[in-house]
Amino acid sequence: MRTFTRAVLAATLASTVLSAAPARAEAPQALKDEVALEVEAQRKQIQVMVDQIFSYAEPGFQEFKTSEYLTGILAKNGFTVTKGVAGIPTAFTATWGKGGPKIALGSDIDDVLGVSQMPGVPYLKPMIEGAPGHGEGHNSGMPLMVAAAIATKKVMQKHGLEGRLMLWPGVAEELLATKAYFVRAGLFKDVDASIFTHVSSDFSTGYGEMGNNGMVSVEYSFKGKTAHSAGMPWEGRSALDAVEIMDVAWNFRREHLPLTQRSHMIITNGGGQPNVVPDKASIWYFFRERTFADIRKLYETGNDVAKAAALATGTTMTQQTLGYAAPNFGNKPMAEAAYANIKAVGMPKWSADDQAFAKAVQTYNERKIEPLKDEVTELSTPENRKPSTGGGSDDIGDIMWAVPTITIRFPSNIPNMIGHNSTAAIAMATPIAHKGVEAGAKAVAMTVLDLVTTPKLIADAKTYFTDVQLKTDTYAPVLTDADVPAIWLNERNMALYRPQMEKYYYNPAKYPTYLDQLGIKYPMLEGPAK
């Protein structure tokens, strides 16, 4: 990207006729260079935000410290904050601006259970054994969006650009449990375009049907009758038997399901003690498939198997939907604009220390050795993507079916780490994460300027949404009016671990970085003691 001093920018902007911007394919380059400088000016705050949220390490629906922290920063910077949106205590919107297009900026904030990890240590070393941790890197996305929004707001105010910004957090994304409710509550009803970000080791975006699976999350609860397991077991009706039969029956059924499906479960209640026939037991499934119709069909198959398990054991069954995620579909005009900005920003300038640390992490965790990337990834399109055989899910899909949306992946992690695993947390409070967030914030801010200065881009995005995307499928979530966000999830986990975690919260007033607070010298290259 071109380097502009503020003096050069001022002279360049003075000669730019902003009133002509609607005829352009994108925002004037001088504005983009200025907004990039505004992001760079927040370099210290980016580091602090990334490290602070890493230290909070809050799982889905328990992101209270994270939400409070982010809303405080946004309020100080002139955004109007509304808390508890869509009936979710840790969800919020933060808005600014009047007139012009409304652009939504969001990223996830929750972490993963059981993957506590010391950052900057190249091998597995839990901070607190069994505690949650940012083994998906969600501590980085909202700092990116906050930095981009603050930078864009300053440039828009300075040059009198009309437009509105709305920041929002992805609550409980690991449970795929909120974005469908955001849509149902109307949070995006007046949004013109939406940009989402997700941490990665690459810098990329794409459009079209993205090849991942949608999903429905459902818990089946069985009710039976207690009895003495040895003295009179014939008087009992075991709810755990029903859970086990459902598990076995579903695993037999897998052979006769499409290759694109993914389904997995945990037993959430298996009874109390062996000598009491369990009268209550439950099992929680994620059912994933490629299309709305196939998600519903898989879900209905699961319901039938659960009913059969209840009949086989003389128990009764109830079910509760805990979450939903639609298949992802990216907007082509927006992705093309964002990709041009990603190329203009380019990959972060990795230091020799960054590369050495990445290699040490890969070595000690037996991952494929691959340097931190030095080139952005090509634009992902339906033509250059391999045919999908199914995979993971992200509930940004629900917003993608409500308003033109793209996801920008930004390079804040090390290649070849394992998702939902402690290895993916190792780099997430190091210079690698900080540099990737800064690069991503520049690309997002530039793309927002494209959207607010170029009515044709907004119009093209909406045309693609209606004439292409909505021709492929119809948004049909497996939710009923009776379904509500499962805000009670993870309460017990955090009640157990939060008191232990609090002593590890980052104190930026005392320590320059979180690694300094933890006494970790970067880059740490030595392995675990033998």
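All figures in this text were calculated on a predicted structure; none of them were measured in a lab.

A.B. asks: Could you give an account of the overall build of the protein, naming the residues involved and the relevant values?
C.D. replies: When its secondary structure is counted, the protein shows 15 helices and 12 strands. Counting only C-alpha atoms, the protein reaches 90 × 60 × 40 Å along its principal axes. Across the 530 residues in the protein, those meeting the buried criterion constitute 58%. In the protein, the proportion of contacts linking residues at least 24 apart, taken out of those at least 6 apart, comes to 83%. On the protein, roughly 21500 Å² of surface is accessible, and the fraction owed to carbon and sulfur atoms is 54%.

A.B. asks: Before we move on, could you go through the side chain of Asp 108 and cite the residues and values that matter?
C.D. replies: When you line up the elements, Asp 108 lands in strand 3 (residues 102-108). Within the local environment of Asp 108, its side chain forms a polar contact with the side chain of Lys 179, the two groups lying 2.8 Å apart.

A.B. asks: Can you tell me about the sheet that holds strand 10 (residues 316-325), naming the residues and giving the values?
C.D. replies: Sheet strands associate in pairs through backbone hydrogen bonding, adopting either a parallel or an antiparallel arrangement. If you trace the four strands from one edge of the open sheet to the other, you get 8-9-7-10, paired in antiparallel fashion. Single-partner strands in this sheet number two, and they are strand 8 (262-269) and strand 10. Averaged over all adjacent pairs, the angle separating strand axes in this sheet is 20°, with direction ignored. Relative to strand 9 (residues 280-289), strand 8 is paired through seven bridges, and the arrangement is antiparallel. By the bridge assignment for strand 9, Ile 267 is matched with Ile 283. Packed on one face of the sheet, helix 7 (residues 239-253) meets strand 7 (214-223), strand 8 and strand 9 and runs near 20° to strand 9.

A.B. asks: Residues and numbers for unusual backbone geometry, please.
C.D. replies: Leaving glycine aside, a negative phi is the common case for residues, and trans is the common case for peptide bonds. Put simply, Tyr 522 and Pro 523 share a cis peptide bond, and its omega is 0°. Although it is not a glycine, Asn 490 sits at a positive phi angle of roughly 70°. Relative to the helices and strands, Asn 490 resides in the loop between helix 13 (455-472) and helix 14 (491-501).

A.B. asks: Before we move on, could you go through the packing of aromatic side chains and cite the residues and values that matter?
C.D. replies: Here the structure, examined in full by the defined rule, presents 18 aromatic pairs. With a centroid separation of 6.1 Å and 65° between ring planes, the pair formed by Trp 250 and Tyr 285 is classed as edge-to-face. Placement of the pair is Trp 250 in helix 7 and Tyr 285 in strand 9, with a sequence separation of 35 residues. For the pair shown, Trp 250 and Tyr 285 are each scored as buried. The structure contains a cluster of three or more aromatic residues connected by ring pairs, namely Tyr 207, Phe 292, Phe 329, Trp 401, Tyr 464 and Tyr 475.

A.B. asks: How would you summarise empty space enclosed by the protein if you had to cite specific residues and measurements?
C.D. replies: Applying the stated criterion across every chain, the model contains one cavity of 30 Å³ or more. The computed volume of the largest cavity comes to approximately 100 Å³. Lining the largest cavity are 14 residues, with Phe 54, Ala 57, Ser 116, Met 127 and Pro 132 sitting closest to its centre. Its residues assigned to classes, the lining of the largest cavity shows nine nonpolar, five polar and no charged.

A.B. asks: Which residues make up the packing of helix 4 (residues 64-76) against helix 5 (residues 141-159), and what values go with them?
C.D. replies: Helix 5 packs onto helix 4 with a crossing angle of 5° between their chain directions and a minimal axis gap of 11 Å. On the basis of their axis angle, the class for helix 4 and helix 5 is roughly parallel. Judged by residue contacts, Leu 70, Ile 73 and Leu 74 of helix 4 engage Met 142, Val 146 and Ile 150 from helix 5. Of the residues that constitute the contact of helix 4 with helix 5, the class distribution is six nonpolar, no polar and no charged.

A.B. asks: Give me the packing of helix 3 (residues 43-56) against helix 4: which residues, what numbers.
C.D. replies: Relative to each other, helix 3 and helix 4 sit at 160°, their axes nearing to 9 Å. Between helix 3 and helix 4, the crossing angle belongs to the class labelled roughly antiparallel. Note on packing geometry: the crossing formed by helix 3 with helix 4 is right-handed. Facing helix 3, whose interface residues are Gln 45, Val 48, Met 49, Gln 52, Ile 53 and Tyr 56, helix 4 presents Lys 65, Thr 66, Tyr 69, Leu 70 and Ile 73. Looking at the contact of helix 3 with helix 4 residue by residue, the class counts come to seven nonpolar, three polar and one charged.

A.B. asks: With reference to specific residues and values, describe the sheet that holds strand 2 (residues 92-96).
C.D. replies: What the six strands build is an open sheet, ordered 1-2-4-3-5-12; its pairing is mixed. Of all the strands in the sheet, just strand 1 (80-83) and strand 12 (405-411) have a single pairing partner and so form its edges. For this sheet, the mean angle separating the axes of adjacent strands, direction not counted, is 20°. Inspection of the sheet shows strand 3 paired to strand 4 (residues 164-170) by seven bridges, in the parallel sense. Within the sheet, the bridge partner assigned to Ser 107 lies in strand 4 and is Pro 169.

A.B. asks: Any details on the pattern of salt bridges? Residues and values, ideally.
C.D. replies: Pairing is possible between side chains that carry opposite charge, provided their charged atoms lie close to one another. Inspection of every chain in the model, using the stated rule, returns 19 salt bridges. In this structure, Asp 192 and Lys 462 form a salt bridge, with 2.6 Å as the shortest nitrogen-oxygen distance. Here Lys 462 lies in helix 13 and Asp 192 lies in the loop between helix 6 (179-184) and strand 5 (193-200), a separation of 270 residues in the sequence. Judged by its relative accessible area of 34%, Lys 462 is partly exposed. One salt-bridge network, in which partners are shared between bridges, spans Glu 40, Arg 43, Glu 438 and Lys 442.

A.B. asks: Can you explain the nonpolar core? Please cite residues and give values.
C.D. replies: The biggest cluster of nonpolar side chains holds 155 residues, and the ones touching the most others in it are Leu 167, Phe 188, Ile 195, Tyr 220 and Phe 222. Ranked by the residues each element gives to this core, the list is headed by helix 12 (residues 431-453), at 13 residues. In this structure, Leu 167 is in contact with Leu 74, Phe 79, Phe 92, Thr 93, Ala 94, Leu 105, Met 142, Met 145, Val 146 and Ala 149, ignoring residues within four places of it in sequence. Core analysis: the next-biggest nonpolar cluster, separate from the first, contains six residues, Ala 57, Ile 128, Met 494 and Met 501 among them.

A.B. asks: Lay out the side chain of Lys 179 with the relevant residues and their values.
C.D. replies: Checked against the element boundaries, Lys 179 lands in helix 6. Take Lys 179: its relative accessible area is 0%, and that puts it in the buried class. In this structure the side chain of Lys 179 is engaged in a polar contact, spanning 2.5 Å, whose partner is the side chain of Asp 395. For Lys 179, the contacting residues outside a window of four places in its chain are Asp 108, Trp 168, Gly 170, Glu 173, Phe 196, Asp 394, Asp 395, Ile 396, Asp 398 and Ile 399.

A.B. asks: Describe helix 9 (residues 332-345), naming the residues involved and giving the relevant values.
C.D. replies: The terminal C-alpha atoms of helix 9, which comprises 14 residues, lie 20 Å apart, in line with the 20 Å expected from a rise of 1.5 Å per residue. Buried within helix 9 we find Pro 333, Met 334, Ala 335, Ala 337, Ala 338, Tyr 339, Asn 341, Ile 342 and Val 345. Residues of helix 9 that are buried in the fold lie against helix 2 (29-40), strand 5, strand 12, helix 12 and helix 13. If you check the start of helix 9, you find a side-chain oxygen 3.2 Å away from the backbone N of Met 334, and it comes from Asn 331. Positive backbone phi, at 75°, marks Gly 346, one or two positions downstream of helix 9.

Rules behind the numbers
Residues numbered from 1 in each chain as written. Predicted model: local features only at pLDDT ≥ 70, side-chain atom pairs only at ≥ 80, totals over all residues. Heavy atoms only, no water. Helix = DSSP H or I, 4+ residues; strand = E, 2+ residues; numbered from the N terminus. Buried < 20%, exposed > 50% of the residue type's maximum accessible area, 1.4 Å probe, protein only. Contact = heavy atoms within 4.5 Å. Areas by Shrake-Rupley, 256 points an atom, 1.4 Å probe, with all protein chains shown as cover. Polar contact = N/O pair within 3.5 Å; in protein donor to acceptor, adjacent residues only side chain to side chain. Pairing = 2+ DSSP bridges. Axes fitted to C-alpha atoms, helices over the stretch in contact; angles between N-to-C directions. Phe/Tyr/Trp six-rings, centres within 6.5 Å; stacked < 30°, edge-to-face > 60°. 1 Å grid on protein atoms, 1.4 Å probe; cavity = no way out; pocket = protein on both sides within 12 Å on 5 of 7 lines; lining within 4 Å. Points joined across faces, edges and corners; volume = space filled by probe spheres on them. Nonpolar A, V, L, I, M, F, W, Y, C, P; charged D, E, K, R; others polar. Parallel < 35°, antiparallel > 145°, perpendicular 65-115°, else oblique. Left-handed = near helix turned anticlockwise from the far one by under 90°. Salt bridge = Lys/Arg side-chain N within 4 Å of Asp/Glu carboxyl O. Core = buried A, V, L, I, M, F, W, Y, C linked by side-chain atoms within 4.5 Å. Expected span 1.5 Å × (residues − 1).

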